[in-house]
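Survey of secondary and tertiary structure
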Amino acid sequence: MAVSIQHIRNATSVLTLNGKKILVDPMLSDVGELPPVPFTRSLRRNPLTPLPVPLNFFENMDAILLTHRHFDHLDKKAISILNKTLPVFCQPEDQTFLQTAGFSNVHVVDDSIAWGGIQMKRIKGQHAKGAAARLLGPVSGFLVSTPADGSVYLVGDCIYTPAIEEAFRANRPDIAVLNTPRAQMLLGTIITMTAEDIVRIAQLSPATKLVAVHMDAISHCTFKRQHLRAFLKDCGLEHAAIIPEDGEVISF
């Protein structure tokens, strides 16, 4: 494979395959420019950490991929500075919002779509259980692949469910990017993957290279990189997942 992932911050990354740079879930605001996350215990403004790259870094992108439109995955700064003619790939529920925001080249991925020699398959997810799922709205993951480069499963803000388990069984991705900060709402409702889910997935799909992100940048994400590293070490699985720092490039 000739794939790289540059982890920017939170869920924002640049996935490069087949010579194309795909900007995933762009949150580009500076520290404290965004409000606290509603319905959580924290009153801290977001993000907590600065961008590790200058804003002009994002001028050289080929496409945008949006898993869902919560403000820590697409913020006003991203909307204001990104090239509105870039192709944007999204779940059906976000099409109107993106077009209203000025993006003129929006592609809805109902099931799968081909672009630039790359196949993108949408995998429906669930942001939480029960009433919290309805409050948070729809979320999707995307399996991005080429015959030569293999497949990358961008799981998105999805909790571990039988459907996610089946997606791993059916697709056996070469790489999976997991949002694993154990993000919580009020009353302790978990709305992302957890450290225990990394262990589950590592056992379910041992050939998949796991990349754990979405930590340290947003106030309701209580599980930090240091916690995840310690947890995996205690489980004897310190090599089960790559845990990149902000700005770090991972080449496969």
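These lines cover the structure that appears in this document, whether it is placed above or below. From a predicted model like this one, the values you see are computed outputs, not experimental measurements.

1. Remarks on the overall build of the chain
Looking only at helices and strands, one finds six helices and 14 strands in the chain. A principal-axis box enclosing the C-alpha atoms of the chain has dimensions of 45 × 45 × 35 Å. Taken over 252 residues, the chain has a buried fraction of 54%. If you take every contact in the chain between residues at least 6 apart in sequence, the share linking residues at least 24 apart comes to 60%. Of the accessible surface of the chain, which amounts to about 10,700 Å², a share of 53% is contributed by carbon and sulfur atoms. If you average the places of the 24 positive and of the 24 negative side-chain charges in the chain, the two averages end up 4 Å apart.

2. Here's the deal with the layout of surface pockets
Its boundaries defined by the atoms lining it, the largest pocket holds a volume of some 270 Å³. Along the wall of the largest pocket there are 17 residues; nearest its centre are Val37, Pro38, His70, Phe71 and Leu136. Each residue belonging to the lining of the largest pocket can be placed in one class, and the counts come to 10 nonpolar, five polar and two charged. Approximately 210 Å³ is the volume found for the second largest pocket. Surrounding the second largest pocket, 15 residues form its lining, His68, Arg69, His70, Phe71 and Asp94 being those nearest its centre. Counted by class, the lining of the second largest pocket contains six nonpolar, four polar and five charged residues.

3. A short note on the pairing of strand E9 (residues 140-146)
Burial runs high along E9: seven of the seven residues are buried. The alternating pattern of E9 places Ser140, Phe142, Val144 and Thr146 and Gly141, Leu143 and Ser145 on opposite faces, both of which are buried. Note that strand E8 (residues 118-124) and E9 share six bridges and pair antiparallel. Bridge pairing in E9 places Arg122 opposite Phe142. In this structure, E9 lies alongside strand E10 (residues 150-154), joined through five bridges in antiparallel fashion. Bridge pairing in E10 places Leu143 opposite Tyr153. A loop of three residues connects E9 with E10, the two strands running antiparallel in sequence.

4. A few points about the pattern of salt bridges
Applying the stated criterion across every chain, the model contains eight salt bridges. A salt bridge links Arg69 to Asp94; the shortest N-O distance between them is 3.8 Å. One end of the pair, Arg69, is in the loop between strand E4 (63-65) and helix H1 (76-81); the other, Asp94, is in the loop between strand E5 (88-90) and helix H2 (95-100), and 25 residues separate them in sequence. Residue class for Arg69 comes out partly exposed when judged on its relative accessible area of 40%. Residue Asp94 is classed as buried on the basis of its relative accessible area of 4%.

Calculation notes
Residues numbered from 1 in each chain as written. Predicted model: local features only at pLDDT ≥ 70, side-chain atom pairs only at ≥ 80, totals over all residues. Heavy atoms only, no water. Helix = DSSP H or I, 4+ residues; strand = E, 2+ residues; numbered from the N terminus. Buried < 20%, exposed > 50% of the residue type's maximum accessible area, 1.4 Å probe, protein only. Contact = heavy atoms within 4.5 Å. Areas by Shrake-Rupley, 256 points an atom, 1.4 Å probe, with all protein chains shown as cover. Lys, Arg positive; Asp, Glu negative; His and termini not counted. Charge placed at Lys NZ, Arg CZ, Asp CG, Glu CD. 1 Å grid on protein atoms, 1.4 Å probe; cavity = no way out; pocket = protein on both sides within 12 Å on 5 of 7 lines; lining within 4 Å. Points joined across faces, edges and corners; volume = space filled by probe spheres on them. Nonpolar A, V, L, I, M, F, W, Y, C, P; charged D, E, K, R; others polar. Pairing = 2+ DSSP bridges. Salt bridge = Lys/Arg side-chain N within 4 Å of Asp/Glu carboxyl O.

These values are about where atoms sit, not about what they do.
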